[in-house]
Amino acid sequence: MWKEIEDRELGKLLRPNLFTNRIRSNRLSSLHLSNYKEIISPHRGSVNSLQVDLTEGRYLLSGSSDASVAIYDVQRATYYEGGGLVSKHKSILLVDKQHEQGHKYAISSAIWYPIDTGLFITGSYDHYINVWDTNTTQVVMNFKMPGKVYRTAMSSLATSHMLIAAGTEDVQVRLCDIASGAFSHTLSGHRDGVMAVEWSTSSEWVLVTGGCDGAIRFWDIRRAGCFRVLNQSHSQLGRRPPLLERSAMNKGATSRSFSAGQSSSVKSRSAQKKAAIGNGSKQSANPRILGQVKGSSRQRIHPGLLSSQDRATAHYGAVIGLKVTDDGMYLLSAGSDSRLRLWDIESGCNTLVNYDIVRLQASKAMQLAITQDSTIVFVPCMTTAKAFDLWSGKTILTLRGHYESVNCCWYSAQDQFFKQELYTGGNDRQILVWSPSKVISDDMDEWSRKGEGPALDQDNWSD
């Protein structure tokens, strides 16, 4: 860390957020099972879904296979142990099978309403998606689906719609409209159930889905049909250059092409004059060439409708997990073939990042997590959660703490407190908290919050 501080003082760090990203990455490299925070899980089945609310970063929502859903306050502890050093967090809300409107079978997905903690959404194997009022713990709306619900998602960017994307064991993806209480879209294209749905982080209209048929499809919900199907055989090596470098490269290329184009245009005009003089009236275009041009333009209109591209696959097995980077430029996919693939969304190409060998669950959907700076990805790998470098594919950390398979990961970072935490849930019914090594300033903050210890700072002058 001292090297980064020295570089910042000397002005070597050009980008304003580079120093923050370096410190954050260094802290993540020391991630371990937290020894000062513990989540007391009330679930009696495997934990299938985790999410911290996007507005305050305070409330953790969990869904379990025992048909229960729970909410925890991760900033305010229920009680302390170990002389006030270990905070225990019990659920502040629990809805289970005993609730008159509760789910009857396993909850596979539990998500917050993106802009307000007053609502949360659950999807279950009982074929229902329920929209809950957090304050009254009552269902304000539900949607009957044609099969088991594997995954639900809402766009965090949406300002024009309130749509819940639902992936079920049915071949069609359905969009549920909270505003009207009805289905607004039915997206057809997959040939088997859909286990993963993810909204784009750069457009509120783009949805990405992954199916048991091994296909990953991109949908623009304003138009009919998917506009892209990823193909694992279409690849480009490495990461796209940054925007500034690309613009400089494009300027150089355009200037060179412009100069070359001027010289070639002079030659072509002279050649055309000679041909006109020599051939007379034989200047009509070749109809075969015109047909080829028309055919090529017709193929570029809608690649998702072409039979060869429509049958393309991104994995040799089912797609069980999807995650879009925060900048919306890349997509990470996980398959039941135990492969991780990183895709360039702009070109639709496989970047050929060779991730270390992993063993993934093939029976259920999994929840991936990516850091805010899109450098590290957390993947459930059987009884462990592994952290990979997103661009090199190398394993950075292997987090061991669960006794059974890990199903979901959620990464939470609060810049105002400079806190980074990873939450994992597994078949052992536990929710574990992973955090970097605690530094002295964190202890000082804890003491000051509880009003004890050397961090207690009060003014002594009189009014």
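Here's what I pulled together on the structure shown here. (Residues numbered from 1 in each chain as written. Predicted model: local features only at pLDDT ≥ 70, side-chain atom pairs only at ≥ 80, totals over all residues. Heavy atoms only, no water.)

Some details on the side chain of Gln232
Right, on to step 1. Tracing the sequence through the fold places Gln232 in the loop between β20 (226–229) and α3 (243–279).
Right, on to step 2. A relative accessible area of 14% means that Gln232 is categorised as buried.
Right, on to step 3. Side chain to side chain, Gln232 and Arg341 meet in a polar contact 3.2 Å long.
Right, on to step 4. Apart from residues no more than four positions distant in its own chain, Gln232 is found in contact with Thr313, Ala314, His315, Tyr316, Arg341, Trp343 and Asn350. (Helix = DSSP H or I, 4+ residues; strand = E, 2+ residues; numbered from the N terminus. Buried < 20%, exposed > 50% of the residue type's maximum accessible area, 1.4 Å probe, protein only. Polar contact = N/O pair within 3.5 Å; in protein donor to acceptor, adjacent residues only side chain to side chain. Contact = heavy atoms within 4.5 Å.)

Here we look at the pairing of strand β12 (residues 138–144)
Right, on to step 1. Two strands pair when backbone bridges link them, and strand β11 (residues 128–133) and β12 are joined in this way by six bridges, in the antiparallel orientation. Bridging across to β12, Asn130 finds its partner in Asn142.
Right, on to step 2. Between the antiparallel neighbours β11 and β12 lie four residues, among them Thr137 with a positive phi of about 50°. (Pairing = 2+ DSSP bridges.)

Details of the pattern of salt bridges
Right, on to step 1. Summed over the entire model, instances satisfying the criterion amount to seven salt bridges.
Right, on to step 2. Across the salt bridge formed by Glu421 and Lys37, the nearest N and O atoms sit 2.9 Å from each other. Residue Glu421 is found in strand β30 (residues 419–426), and its partner Lys37 is found in strand β2 (residues 37–39); the two are separated by 384 residues along the sequence.
Right, on to step 3. Owing to a relative accessible area of 8%, Glu421 belongs among the buried residues under this scheme.
Right, on to step 4. For Lys37, a relative accessible area of 11% puts it in the buried group.
Right, on to step 5. For Arg58, the salt bridge is made with Asp73, and the minimal N-O distance between the two is 2.8 Å. (Salt bridge = Lys/Arg side-chain N within 4 Å of Asp/Glu carboxyl O.)

Function cannot be read off these values alone, since they describe shape.
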